[in-house]
Amino acid sequence: MTVPQASAPDEGGQVLPPYVLTVDGSELDVAGARVGDSLLTVLRDRIGLAVVKEGCRRGTCGACAVLVDAELRNACLVLAVTASGRRVTTANGLGGGQLTDVARAMTQTGAVQCGFCIPAMVLAAAALLAERPSAHEAAVREALSGIECRCAGYGRVVEAVLAAARVRAGAGEEA
Amino acid sequence: MQNFLAAPTSLAEAVAELTDAPGALIVAGGTDVMVDLAAGRRRAGEILTLAWVPELAGWEQMPGEARLGAALTCTHAAATLEFLPALAQAAAAMGTPQVRNAATLGGNLASAAGGDLLPVLLACEATVELASAGGVRSLGVADFLRPARPGARTALRPGELICAVRVPLVRGAQEFCRVAVRGADAPAWLSMALVLDVDAAAVRLALVSGGAVPVRVAAAEAVLAGLPAEGPTPDVAAEFARRAGEAAGPDPYRRHAAQVCAGRLLARALGAALAEPGPR
(Lines give C-alpha, C1' and ligand atoms only; values in the text may rest on other atoms or scores of the structure.)
Protein backbone atom coordinates (compact mmCIF):
# COMPACT_ATOMS: atom_id res chain seq x y z
CA MET A 1 0.00 0.00 0.00
CA THR A 2 1.51 3.34 -1.01
CA VAL A 3 1.11 6.42 1.08
CA PRO A 4 -0.37 9.32 -0.83
CA GLN A 5 1.05 12.74 -0.20
CA ALA A 6 -1.84 13.75 1.92
CA SER A 7 -2.68 17.26 2.84
CA ALA A 8 -2.66 18.19 6.48
CA PRO A 9 -4.45 15.55 8.53
CA ASP A 10 -7.87 16.60 9.63
CA GLU A 11 -10.79 14.77 11.16
CA GLY A 12 -10.48 11.08 10.34
CA GLY A 13 -6.71 11.22 9.93
CA GLN A 14 -4.62 10.70 6.81
CA VAL A 15 -6.11 10.01 3.39
CA LEU A 16 -5.96 6.34 2.38
CA PRO A 17 -5.10 5.12 -1.10
CA PRO A 18 -8.26 4.21 -3.02
CA TYR A 19 -9.79 0.88 -2.07
CA VAL A 20 -12.78 -1.17 -3.19
CA LEU A 21 -15.96 -1.80 -1.26
CA THR A 22 -18.63 -4.21 -2.43
CA VAL A 23 -21.90 -2.44 -1.71
CA ASP A 24 -25.25 -3.89 -2.76
CA GLY A 25 -23.48 -6.17 -5.19
CA SER A 26 -21.46 -3.45 -6.92
CA GLU A 27 -17.74 -2.94 -6.54
CA LEU A 28 -17.22 0.71 -5.75
CA ASP A 29 -13.94 2.62 -5.69
CA VAL A 30 -13.58 4.57 -2.49
CA ALA A 31 -11.24 7.48 -3.08
CA GLY A 32 -10.27 10.20 -0.66
CA ALA A 33 -11.34 8.22 2.40
CA ARG A 34 -9.47 8.80 5.62
CA VAL A 35 -7.95 6.11 7.76
CA GLY A 36 -10.34 6.68 10.67
CA ASP A 37 -13.48 6.94 8.53
CA SER A 38 -16.43 4.94 9.70
CA LEU A 39 -18.42 2.89 7.23
CA LEU A 40 -21.21 5.43 7.75
CA THR A 41 -18.97 8.29 6.61
CA VAL A 42 -17.85 6.34 3.55
CA LEU A 43 -21.29 5.08 2.51
CA ARG A 44 -23.17 8.30 3.11
CA ASP A 45 -20.68 11.11 2.61
CA ARG A 46 -18.13 9.65 0.19
CA ILE A 47 -20.31 7.28 -1.90
CA GLY A 48 -23.51 9.29 -1.44
CA LEU A 49 -25.85 6.52 -0.33
CA ALA A 50 -28.54 8.53 1.42
CA VAL A 51 -30.45 5.36 2.34
CA VAL A 52 -27.93 4.89 5.16
CA LYS A 53 -29.17 7.32 7.80
CA GLU A 54 -27.00 9.26 10.16
CA GLY A 55 -28.47 9.50 13.63
CA CYS A 56 -26.37 9.56 16.75
CA ARG A 57 -22.92 8.52 15.41
CA ARG A 58 -22.28 6.72 18.65
CA GLY A 59 -23.78 3.31 18.07
CA THR A 60 -26.96 3.93 19.98
CA CYS A 61 -29.82 4.73 17.58
CA GLY A 62 -29.22 2.05 14.94
CA ALA A 63 -30.36 4.29 12.05
CA CYS A 64 -27.14 3.58 10.12
CA ALA A 65 -27.37 -0.20 10.44
CA VAL A 66 -26.24 -2.17 7.39
CA LEU A 67 -25.40 -5.80 6.75
CA VAL A 68 -21.72 -6.67 6.61
CA ASP A 69 -21.83 -10.12 5.06
CA ALA A 70 -24.91 -11.52 6.83
CA GLU A 71 -24.39 -9.61 10.05
CA LEU A 72 -26.21 -6.48 11.18
CA ARG A 73 -23.75 -3.78 12.18
CA ASN A 74 -24.00 -0.10 13.03
CA ALA A 75 -22.09 1.50 10.15
CA CYS A 76 -20.92 4.29 12.46
CA LEU A 77 -19.00 1.73 14.54
CA VAL A 78 -17.31 -0.08 11.64
CA LEU A 79 -13.85 1.09 10.60
CA ALA A 80 -14.71 1.44 6.90
CA VAL A 81 -11.57 -0.12 5.49
CA THR A 82 -12.31 -3.36 7.38
CA ALA A 83 -15.42 -3.83 5.25
CA SER A 84 -13.30 -4.28 2.13
CA GLY A 85 -13.44 -7.89 1.00
CA ARG A 86 -16.84 -8.30 2.62
CA ARG A 87 -20.33 -7.76 1.23
CA VAL A 88 -21.99 -4.58 2.47
CA THR A 89 -25.76 -4.48 2.01
CA THR A 90 -27.94 -1.42 2.48
CA ALA A 91 -31.72 -1.41 2.24
CA ASN A 92 -31.26 -0.56 -1.46
CA GLY A 93 -29.58 -3.90 -2.02
CA LEU A 94 -32.38 -6.06 -0.65
CA GLY A 95 -35.09 -7.35 -2.96
CA GLY A 96 -33.29 -6.65 -6.24
CA GLY A 97 -34.88 -3.26 -6.84
CA GLN A 98 -38.31 -4.39 -5.64
CA LEU A 99 -39.81 -3.91 -2.18
CA THR A 100 -38.95 -6.89 -0.01
CA ASP A 101 -41.72 -8.88 1.64
CA VAL A 102 -40.96 -7.09 4.92
CA ALA A 103 -41.04 -3.65 3.32
CA ARG A 104 -44.32 -4.47 1.54
CA ALA A 105 -45.82 -5.69 4.80
CA MET A 106 -44.74 -2.42 6.42
CA THR A 107 -46.72 -0.44 3.87
CA GLN A 108 -49.74 -2.60 4.65
CA THR A 109 -49.56 -2.34 8.45
CA GLY A 110 -48.83 1.39 8.42
CA ALA A 111 -45.44 0.92 10.02
CA VAL A 112 -43.83 3.87 8.27
CA GLN A 113 -44.26 7.40 9.53
CA CYS A 114 -41.21 9.62 8.96
CA GLY A 115 -39.27 6.65 7.59
CA PHE A 116 -35.91 7.56 9.08
CA CYS A 117 -35.47 4.26 10.94
CA ILE A 118 -37.10 2.12 8.28
CA PRO A 119 -34.06 1.14 6.15
CA ALA A 120 -32.37 -0.16 9.30
CA MET A 121 -35.57 -1.87 10.47
CA VAL A 122 -35.90 -3.63 7.10
CA LEU A 123 -32.27 -4.79 7.29
CA ALA A 124 -32.60 -5.98 10.88
CA ALA A 125 -35.70 -7.95 9.90
CA ALA A 126 -33.89 -9.37 6.85
CA ALA A 127 -30.98 -10.53 9.01
CA LEU A 128 -33.36 -12.19 11.47
CA LEU A 129 -35.58 -13.89 8.90
CA ALA A 130 -32.59 -15.14 6.91
CA GLU A 131 -31.54 -17.05 10.01
CA ARG A 132 -34.96 -17.81 11.51
CA PRO A 133 -37.67 -17.61 8.82
CA SER A 134 -40.49 -18.34 11.27
CA ALA A 135 -39.30 -16.12 14.12
CA HIS A 136 -41.90 -15.45 16.80
CA GLU A 137 -42.73 -12.08 18.33
CA ALA A 138 -40.16 -12.09 21.14
CA ALA A 139 -37.38 -12.84 18.65
CA VAL A 140 -38.62 -10.09 16.30
CA ARG A 141 -38.71 -7.52 19.12
CA GLU A 142 -35.24 -8.56 20.22
CA ALA A 143 -33.88 -8.36 16.66
CA LEU A 144 -35.29 -4.84 16.22
CA SER A 145 -34.36 -3.65 19.71
CA GLY A 146 -31.23 -1.84 18.55
CA ILE A 147 -33.07 0.50 16.21
CA GLU A 148 -34.87 3.45 17.67
CA CYS A 149 -38.09 4.80 16.19
CA ARG A 150 -39.15 8.18 17.47
CA CYS A 151 -42.55 8.54 15.81
CA ALA A 152 -44.79 5.61 14.90
CA GLY A 153 -43.55 3.25 17.56
CA TYR A 154 -42.70 -0.38 17.20
CA GLY A 155 -46.04 -2.20 17.20
CA ARG A 156 -46.77 -1.96 13.48
CA VAL A 157 -43.17 -2.65 12.51
CA VAL A 158 -43.26 -5.86 14.56
CA GLU A 159 -46.64 -6.71 13.05
CA ALA A 160 -45.20 -6.32 9.55
CA VAL A 161 -42.17 -8.51 10.24
CA LEU A 162 -44.39 -11.18 11.78
CA ALA A 163 -46.70 -11.04 8.75
CA ALA A 164 -43.73 -11.56 6.44
CA ALA A 165 -42.48 -14.38 8.66
CA ARG A 166 -45.89 -16.10 8.48
CA VAL A 167 -45.85 -15.93 4.69
CA ARG A 168 -42.29 -17.30 4.57
CA ALA A 169 -43.18 -20.10 7.00
CA GLY A 170 -46.24 -20.94 4.87
CA ALA A 171 -44.11 -21.02 1.73
CA GLY A 172 -41.67 -23.31 3.53
CA GLU A 173 -44.44 -25.76 4.36
CA GLU A 174 -45.63 -25.90 0.78
CA ALA A 175 -42.13 -26.41 -0.58
CA MET B 1 4.47 0.18 10.74
CA GLN B 2 5.09 1.41 7.19
CA ASN B 3 2.29 3.94 7.16
CA PHE B 4 -0.71 5.01 9.17
CA LEU B 5 -2.79 1.86 8.70
CA ALA B 6 -1.73 -1.62 9.76
CA ALA B 7 -3.94 -4.56 8.83
CA PRO B 8 -2.02 -7.61 10.05
CA THR B 9 -3.21 -11.08 9.07
CA SER B 10 -1.64 -13.01 11.93
CA LEU B 11 -1.00 -12.51 15.63
CA ALA B 12 2.77 -12.45 15.05
CA GLU B 13 2.35 -9.74 12.44
CA ALA B 14 0.03 -7.78 14.74
CA VAL B 15 2.60 -7.88 17.54
CA ALA B 16 5.36 -6.82 15.14
CA GLU B 17 3.29 -3.88 13.90
CA LEU B 18 2.50 -2.86 17.45
CA THR B 19 6.16 -3.09 18.41
CA ASP B 20 6.98 -0.67 15.57
CA ALA B 21 4.15 1.65 16.57
CA PRO B 22 3.31 1.16 20.24
CA GLY B 23 1.09 4.24 20.19
CA ALA B 24 -1.17 2.92 17.42
CA LEU B 25 -4.88 2.96 18.07
CA ILE B 26 -6.04 -0.68 18.15
CA VAL B 27 -9.45 -1.28 16.60
CA ALA B 28 -11.28 -4.60 17.00
CA GLY B 29 -15.09 -4.31 17.26
CA GLY B 30 -14.92 -0.53 17.22
CA THR B 31 -17.86 -0.06 19.58
CA ASP B 32 -15.87 2.25 21.86
CA VAL B 33 -13.01 3.42 19.67
CA MET B 34 -15.15 4.56 16.73
CA VAL B 35 -17.37 6.54 19.10
CA ASP B 36 -14.29 8.21 20.58
CA LEU B 37 -13.01 9.06 17.09
CA ALA B 38 -16.35 10.54 16.05
CA ALA B 39 -16.46 12.61 19.21
CA GLY B 40 -12.87 13.80 18.82
CA ARG B 41 -11.77 12.16 22.08
CA ARG B 42 -9.13 10.23 20.18
CA ARG B 43 -7.18 11.08 17.06
CA ALA B 44 -6.94 8.83 14.04
CA GLY B 45 -3.17 8.78 13.82
CA GLU B 46 -1.81 5.29 13.31
CA ILE B 47 -4.54 2.66 13.33
CA LEU B 48 -4.04 -1.05 13.77
CA THR B 49 -7.07 -3.13 12.86
CA LEU B 50 -7.46 -6.66 14.18
CA ALA B 51 -10.13 -7.51 11.60
CA TRP B 52 -7.91 -10.01 9.80
CA VAL B 53 -6.14 -11.74 12.69
CA PRO B 54 -7.62 -15.25 12.77
CA GLU B 55 -5.92 -16.39 16.00
CA LEU B 56 -7.97 -13.94 18.05
CA ALA B 57 -11.40 -15.27 17.06
CA GLY B 58 -13.37 -18.06 18.68
CA TRP B 59 -12.54 -20.17 21.72
CA GLU B 60 -11.28 -23.60 22.69
CA GLN B 61 -12.17 -25.79 25.63
CA MET B 62 -9.34 -27.64 27.33
CA PRO B 63 -9.14 -29.79 30.46
CA GLY B 64 -9.98 -27.53 33.39
CA GLU B 65 -10.18 -24.30 31.45
CA ALA B 66 -11.42 -22.50 28.39
CA ARG B 67 -9.28 -20.20 26.28
CA LEU B 68 -11.32 -17.42 24.72
CA GLY B 69 -9.88 -15.35 21.88
CA ALA B 70 -9.76 -11.61 22.46
CA ALA B 71 -11.84 -10.99 19.32
CA LEU B 72 -14.63 -13.32 20.46
CA THR B 73 -17.78 -11.27 19.92
CA CYS B 74 -20.59 -10.98 22.42
CA THR B 75 -23.00 -12.55 19.92
CA HIS B 76 -20.75 -15.57 19.49
CA ALA B 77 -20.10 -15.82 23.24
CA ALA B 78 -23.81 -15.61 24.06
CA ALA B 79 -24.65 -18.31 21.53
CA THR B 80 -21.89 -20.80 22.28
CA LEU B 81 -20.49 -20.55 25.83
CA GLU B 82 -22.88 -23.02 27.47
CA PHE B 83 -20.14 -24.11 29.87
CA LEU B 84 -19.68 -20.52 31.11
CA PRO B 85 -23.31 -19.58 31.67
CA ALA B 86 -22.75 -16.26 33.48
CA LEU B 87 -20.43 -15.05 30.72
CA ALA B 88 -22.96 -16.10 28.09
CA GLN B 89 -25.73 -14.28 30.00
CA ALA B 90 -23.64 -11.12 30.31
CA ALA B 91 -22.71 -11.22 26.62
CA ALA B 92 -26.39 -11.60 25.69
CA ALA B 93 -27.49 -8.76 27.97
CA MET B 94 -25.19 -5.95 26.91
CA GLY B 95 -25.69 -3.49 24.08
CA THR B 96 -28.02 -4.03 21.16
CA PRO B 97 -27.96 -6.97 18.74
CA GLN B 98 -25.79 -5.12 16.25
CA VAL B 99 -23.45 -3.85 18.98
CA ARG B 100 -23.11 -7.41 20.29
CA ASN B 101 -22.22 -8.50 16.74
CA ALA B 102 -19.23 -6.15 16.92
CA ALA B 103 -18.23 -5.90 20.59
CA THR B 104 -15.40 -8.16 21.67
CA LEU B 105 -14.11 -9.71 24.86
CA GLY B 106 -10.74 -7.96 24.42
CA GLY B 107 -12.44 -4.62 23.86
CA ASN B 108 -14.48 -5.05 27.03
CA LEU B 109 -11.22 -5.57 28.91
CA ALA B 110 -9.32 -2.75 27.23
CA SER B 111 -12.13 -0.26 27.91
CA ALA B 112 -12.04 -1.47 31.51
CA ALA B 113 -14.70 0.66 33.12
CA GLY B 114 -18.31 -0.40 33.08
CA GLY B 115 -18.03 -3.48 30.84
CA ASP B 116 -20.67 -6.07 31.63
CA LEU B 117 -18.34 -9.01 31.00
CA LEU B 118 -15.82 -7.85 33.58
CA PRO B 119 -17.59 -8.83 36.82
CA VAL B 120 -18.05 -12.31 35.35
CA LEU B 121 -14.38 -12.60 34.44
CA LEU B 122 -13.46 -11.43 37.95
CA ALA B 123 -15.80 -13.90 39.65
CA CYS B 124 -14.44 -16.67 37.40
CA GLU B 125 -10.87 -15.68 38.35
CA ALA B 126 -9.96 -15.47 34.69
CA THR B 127 -6.49 -14.66 33.39
CA VAL B 128 -5.68 -12.26 30.56
CA GLU B 129 -2.94 -13.14 28.07
CA LEU B 130 -0.99 -10.16 26.76
CA ALA B 131 1.21 -10.69 23.72
CA SER B 132 4.19 -8.51 22.92
CA ALA B 133 7.54 -8.82 21.19
CA GLY B 134 8.88 -10.21 24.46
CA GLY B 135 6.40 -13.10 24.51
CA VAL B 136 3.14 -13.65 26.35
CA ARG B 137 2.51 -12.26 29.84
CA SER B 138 -0.46 -13.51 31.90
CA LEU B 139 -2.27 -11.36 34.41
CA GLY B 140 -5.27 -12.07 36.60
CA VAL B 141 -8.21 -9.89 35.60
CA ALA B 142 -8.05 -7.95 38.88
CA ASP B 143 -4.37 -7.15 38.25
CA PHE B 144 -5.11 -6.32 34.63
CA LEU B 145 -7.66 -3.76 35.80
CA ARG B 146 -5.01 -1.92 37.88
CA PRO B 147 -3.73 0.96 35.71
CA ALA B 148 -0.05 0.65 34.75
CA ARG B 149 0.45 4.41 35.08
CA PRO B 150 -1.60 7.50 35.83
CA GLY B 151 -4.09 8.10 33.05
CA ALA B 152 -4.09 4.48 31.87
CA ARG B 153 -7.19 2.33 32.22
CA THR B 154 -5.44 -1.01 32.59
CA ALA B 155 -2.09 -2.66 33.19
CA LEU B 156 -1.59 -2.94 29.43
CA ARG B 157 1.89 -1.69 28.48
CA PRO B 158 2.75 0.01 25.18
CA GLY B 159 3.38 -2.68 22.58
CA GLU B 160 1.12 -5.21 24.29
CA LEU B 161 -1.96 -6.74 22.74
CA ILE B 162 -4.72 -8.59 24.59
CA CYS B 163 -4.77 -11.93 22.79
CA ALA B 164 -6.86 -14.28 24.94
CA VAL B 165 -8.62 -14.85 28.23
CA ARG B 166 -8.28 -18.14 30.10
CA VAL B 167 -11.22 -19.04 32.28
CA PRO B 168 -11.02 -21.91 34.80
CA LEU B 169 -13.92 -24.33 34.46
CA VAL B 170 -15.30 -25.07 37.91
CA ARG B 171 -18.15 -27.23 39.14
CA GLY B 172 -21.14 -25.20 40.32
CA ALA B 173 -23.64 -22.57 39.25
CA GLN B 174 -22.65 -19.29 37.59
CA GLU B 175 -25.14 -16.46 37.49
CA PHE B 176 -25.24 -12.91 36.15
CA CYS B 177 -27.62 -10.00 36.51
CA ARG B 178 -27.75 -6.44 35.37
CA VAL B 179 -29.81 -3.39 36.28
CA ALA B 180 -30.34 -0.70 33.64
CA VAL B 181 -33.02 1.82 32.75
CA ARG B 182 -34.10 -0.30 29.81
CA GLY B 183 -33.18 -3.73 28.53
CA ALA B 184 -31.56 -2.74 25.26
CA ASP B 185 -28.62 -0.44 24.91
CA ALA B 186 -28.50 1.32 28.21
CA PRO B 187 -25.32 1.39 30.23
CA ALA B 188 -25.83 -0.75 33.30
CA TRP B 189 -26.27 0.91 36.67
CA LEU B 190 -25.04 -2.31 38.07
CA SER B 191 -23.77 -5.62 36.74
CA MET B 192 -23.06 -8.50 39.06
CA ALA B 193 -21.81 -12.05 38.73
CA LEU B 194 -21.75 -14.92 41.17
CA VAL B 195 -19.75 -18.11 40.79
CA LEU B 196 -20.33 -21.08 43.05
CA ASP B 197 -17.13 -23.11 43.16
CA VAL B 198 -18.31 -26.36 44.70
CA ASP B 199 -14.90 -28.05 44.88
CA ALA B 200 -13.29 -25.03 46.55
CA ALA B 201 -16.37 -24.67 48.80
CA ALA B 202 -16.46 -20.97 47.90
CA VAL B 203 -18.78 -18.37 46.51
CA ARG B 204 -17.21 -15.61 44.42
CA LEU B 205 -19.02 -12.35 43.82
CA ALA B 206 -18.02 -9.40 41.66
CA LEU B 207 -19.82 -6.28 40.60
CA VAL B 208 -19.44 -3.13 38.58
CA SER B 209 -21.41 -0.12 39.66
CA GLY B 210 -21.94 2.57 37.06
CA GLY B 211 -18.78 3.29 35.11
CA ALA B 212 -16.49 2.39 38.00
CA VAL B 213 -13.80 -0.26 38.00
CA PRO B 214 -15.28 -3.73 38.62
CA VAL B 215 -14.50 -5.25 42.00
CA ARG B 216 -14.59 -8.57 43.80
CA VAL B 217 -16.66 -8.37 46.97
CA ALA B 218 -14.47 -10.26 49.42
CA ALA B 219 -16.47 -9.04 52.42
CA ALA B 220 -19.60 -10.73 51.09
CA GLU B 221 -17.75 -13.85 49.96
CA ALA B 222 -16.34 -14.29 53.48
CA VAL B 223 -19.83 -14.67 54.89
CA LEU B 224 -20.29 -17.83 52.83
CA ALA B 225 -16.77 -19.24 53.28
CA GLY B 226 -16.84 -23.02 53.54
CA LEU B 227 -20.26 -23.22 51.87
CA PRO B 228 -22.31 -25.06 54.49
CA ALA B 229 -23.74 -28.15 52.82
CA GLU B 230 -27.24 -27.44 54.08
CA GLY B 231 -27.07 -23.96 52.53
CA PRO B 232 -26.85 -20.63 54.31
CA THR B 233 -29.44 -19.66 56.89
CA PRO B 234 -31.69 -16.75 55.90
CA ASP B 235 -29.67 -14.52 58.25
CA VAL B 236 -26.40 -15.44 56.57
CA ALA B 237 -27.88 -14.95 53.10
CA ALA B 238 -29.19 -11.53 54.15
CA GLU B 239 -25.77 -10.55 55.51
CA PHE B 240 -24.18 -11.67 52.23
CA ALA B 241 -26.57 -9.42 50.29
CA ARG B 242 -26.09 -6.50 52.71
CA ARG B 243 -22.32 -6.61 52.26
CA ALA B 244 -22.73 -6.77 48.47
CA GLY B 245 -24.82 -3.60 48.75
CA GLU B 246 -22.05 -1.85 50.66
CA ALA B 247 -19.63 -2.54 47.81
CA ALA B 248 -21.81 -0.71 45.28
CA GLY B 249 -20.75 2.82 46.23
CA PRO B 250 -22.45 5.64 48.06
CA ASP B 251 -25.68 5.96 46.03
CA PRO B 252 -28.58 4.50 48.02
CA TYR B 253 -30.35 3.16 44.91
CA ARG B 254 -27.23 1.36 43.74
CA ARG B 255 -26.71 -0.14 47.18
CA HIS B 256 -30.31 -1.29 47.23
CA ALA B 257 -30.03 -2.72 43.71
CA ALA B 258 -26.81 -4.54 44.59
CA GLN B 259 -28.38 -5.99 47.72
CA VAL B 260 -31.41 -7.26 45.80
CA CYS B 261 -29.26 -8.64 42.96
CA ALA B 262 -26.89 -10.45 45.32
CA GLY B 263 -29.81 -12.07 47.11
CA ARG B 264 -31.34 -13.19 43.83
CA LEU B 265 -28.09 -14.49 42.38
CA LEU B 266 -27.42 -16.51 45.52
CA ALA B 267 -30.92 -17.98 45.45
CA ARG B 268 -30.60 -18.81 41.76
CA ALA B 269 -27.17 -20.38 42.26
CA LEU B 270 -28.25 -22.46 45.23
CA GLY B 271 -31.42 -23.47 43.44
CA ALA B 272 -29.31 -24.68 40.53
CA ALA B 273 -26.92 -26.43 42.92
CA LEU B 274 -29.81 -28.30 44.50
CA ALA B 275 -31.28 -29.18 41.13
CA GLU B 276 -27.97 -30.51 39.80
CA PRO B 277 -26.10 -32.16 42.66
CA GLY B 278 -23.87 -34.32 40.46
CA PRO B 279 -20.72 -33.29 38.63
CA ARG B 280 -21.17 -31.50 35.34
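Residues numbered from 1 in each chain as written. Chains lettered and ligands numbered in written order. Predicted model: local features only at pLDDT ≥ 70, side-chain atom pairs only at ≥ 80, totals over all residues. Heavy atoms only, no water.

**Details of the sheet that holds strand S3 (residues 47-49) of chain B**
All names here are of chain B.
Part 1 of the argument: Strand order in the open sheet formed by three strands is S1-S3-S2, and the pairing between neighbours is parallel. At either end of the open sheet lies a strand with only one pairing partner, and these are strand S1 (5-6) and strand S2 (25-27).
Part 2 of the argument: As judged from the two bridges shared by S1 and S3, these two strands associate in the parallel manner. Following the sheet pairing, Ala-6 is matched in S3 by Leu-48. (Pairing = 2+ DSSP bridges. Helix = DSSP H or I, 4+ residues; strand = E, 2+ residues; numbered from the N terminus.)

**Let's talk about the environment of Thr-89 of chain A**
Residues and elements named next belong to chain A.
Part 1 of the argument: Positionally, Thr-89 belongs in strand S5 (residues 87-89).
Part 2 of the argument: Separated by 22 residues in sequence, Thr-89 and Leu-67 have C-alpha atoms that sit 4.9 Å apart.
Part 3 of the argument: Contacts of Thr-89, omitting those with residues within four sequence positions, involve Asp-24, Val-66, Leu-67, Leu-94 and Leu-123. (Contact = heavy atoms within 4.5 Å.)

**A closer look at the nonpolar core**
Part 1 of the argument: Residues Tyr-19 and Leu-39 of chain A together with Ile-47, Leu-68, Leu-109 and Leu-121 of chain B are the most contacted members of the largest nonpolar core, which totals 77 residues.
Part 2 of the argument: The dominant element in this core, judged by the number of residues it contributes, is helix H7 (residues 117-123) of chain B, at six residues.
Part 3 of the argument: Counting 35 residues, the second-largest nonpolar core is a separate cluster that includes Ala-125, Ala-127, Val-161 and Ala-165 of chain A. (Core = buried A, V, L, I, M, F, W, Y, C linked by side-chain atoms within 4.5 Å. Buried < 20%, exposed > 50% of the residue type's maximum accessible area, 1.4 Å probe, protein only.)

**Some words on the side chain of Ser-38 of chain A**
Part 1 of the argument: Tracing the sequence through the fold places Ser-38 of chain A in the loop between strand S2 (26-30) and helix H1 (39-46).
Part 2 of the argument: For Ser-38 of chain A, a relative accessible area of 5% translates into the label buried.
Part 3 of the argument: A polar contact of 3.1 Å, which involves the side chain of Ser-38 of chain A, links it to the backbone nitrogen of Thr-41 of chain A.
Part 4 of the argument: Those residues in contact with Ser-38 of chain A, other than ones at most four positions away along the chain, are Arg-57, Ala-75, Cys-76, Val-78 and Ala-80 of chain A together with Met-34 of chain B. (Polar contact = N/O pair within 3.5 Å; in protein donor to acceptor, adjacent residues only side chain to side chain.)

**Details of the packing of aromatic side chains**
All names here are of chain B.
Part 1 of the argument: Using the criterion set out here, one finds two aromatic pairs over all chains in the structure.
Part 2 of the argument: Where Trp-59 meets Phe-83, the ring centres are 4.9 Å apart and the plane angle is 70°; that geometry is what we call edge-to-face. Of this pair, Trp-59 sits in strand S4 (residues 59-62) while Phe-83 sits in the loop between helix H3 (74-80) and helix H4 (85-93), and the two are 24 residues apart along the sequence.
Part 3 of the argument: Since its relative accessible area comes to 22%, Phe-83 is described here as partly exposed.
Part 4 of the argument: An angle of 65° between the planes, with centres 5.0 Å apart, marks the rings of Trp-189 and Tyr-253 as edge-to-face. Placement of Trp-189 in the loop between strand S9 (174-179) and strand S10 (190-197) and of Tyr-253 in helix H11 (residues 252-275) is noted, with a sequence separation of 64 residues between them.
Part 5 of the argument: Assessed through its relative accessible area of 35%, Trp-189 is described here as partly exposed. (Phe/Tyr/Trp six-rings, centres within 6.5 Å; stacked < 30°, edge-to-face > 60°.)

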